[in-house]
Amino acid sequence: MNTRDKWNSKHLDRINQLKEPEPNPRLKRLAAYFKEGGTALDIACGLGGNSMLLAQSDYQVKAMDISDVAINYIQEQASKENLAIQPQVADLTNVNAQNWLNAYNVMVITYYLDRALFPIVKSSIKEGGYFLMETFYQSPETEGQGVSDQYKLRSNELLEEFRDWKVIYFEENEQEGWQSIFCQKR
């Protein structure tokens, strides 16, 4: 099964099981930082919980995912709720980011890791803009469970990667095996 088919299947199952997609809990908790509106990019957006939260905070959101099932779902929800979300099917391993230079006030990546995106993130966020990332990391508590180490961050990796930015929030949850950062470009 190719990557698109795998994620289409997962998202179809999720659509059949949920009432509406939930935003990331850390993003939701940090919502006070999103009062000014602007442009936002939700990378590997899934069913769009983060995109919807940002759109409800007056952001023009571009939502990208490899799954056309997820993107169609977001398009329907955005239309139904009159939200400014532009969903786009995209293979993020081959994304053309030439038009992204200093284009976004906010960028979000949750539970997707491609380290090649880090330089793109850094050049795409406007001065004073925000970045939230949360994904799996190599926790001793979750070693050998589920996700391959190739798709897990090393301990403190996001702190090191974004050391030149103002870190507003950082957490490594060893029990659940995730790492999260919320930072601002200086």
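Sequence order as written defines residue numbering, which begins from 1 separately in each chain. Restriction of local features to residues with pLDDT of at least 70 applies here, the model being predicted, together with a cutoff of 80 or more for giving and counting side-chain atom pairs; totals for whole chains, interfaces and linings are based on all residues. Each side-chain value is derived from all of the structure's non-hydrogen atoms; neither hydrogens nor water enter the calculation.

Chemist: Is there a simple way to explain the layout of surface pockets in this structure?
Modeler: In this approach, a probe sized like a water molecule rolls over the atoms, and the result shows the empty space that is left. Cavity: a set of points on a 1 Å grid over the protein atoms alone where a 1.4 Å probe fits but cannot get out. Pocket: an open set with protein on both sides within 12 Å along at least five of seven lines, its lining residues, like those of a cavity, having an atom within 4 Å of a point. Grid points are joined across faces, edges and corners, and a volume is the space filled by probe spheres set on the points. For the largest pocket, the calculated volume is near 1100 Å³. Around the largest pocket sit 36 residues that line it, and Trp7, Ala44, Thr110, Tyr111 and Tyr112 are the ones nearest its centre. Only DSSP runs of H or I with at least four residues qualify as helices, and only runs of E with at least two residues qualify as strands; both kinds are numbered from the N terminus onward. Taken together, the elements giving at least two residues each to the lining of the largest pocket come down to α1 (3–17), α2 (25–29), α3 (49–56) and β5 (125–136). With six residues, the top contributor of residues to the lining of the largest pocket is α1.

Chemist: What am I meant to see in the environment of serine 123 here?
Modeler: Considering the arrangement of structural elements, one finds serine 123 in helix α5 (residues 117–124). In this structure the C-alpha to C-alpha distance between serine 123 and lysine 166, which are 43 residues apart in sequence, comes to 16 Å. Contacts: residue pairs with any heavy atoms within 4.5 Å of one another. With sequence-adjacent residues up to four places away left out, serine 123 is seen in contact with Trp100, Leu101, Asn102 and Lys185. Whenever two N or O atoms come within 3.5 Å, that pair is a polar contact, provided that in protein one can donate a hydrogen and the other can accept it, and provided that, for residues adjacent in sequence, both atoms are side-chain atoms. In terms of polar contacts, serine 123 uses its side chain to reach the backbone carbonyl oxygen of isoleucine 120, at 3.2 Å.

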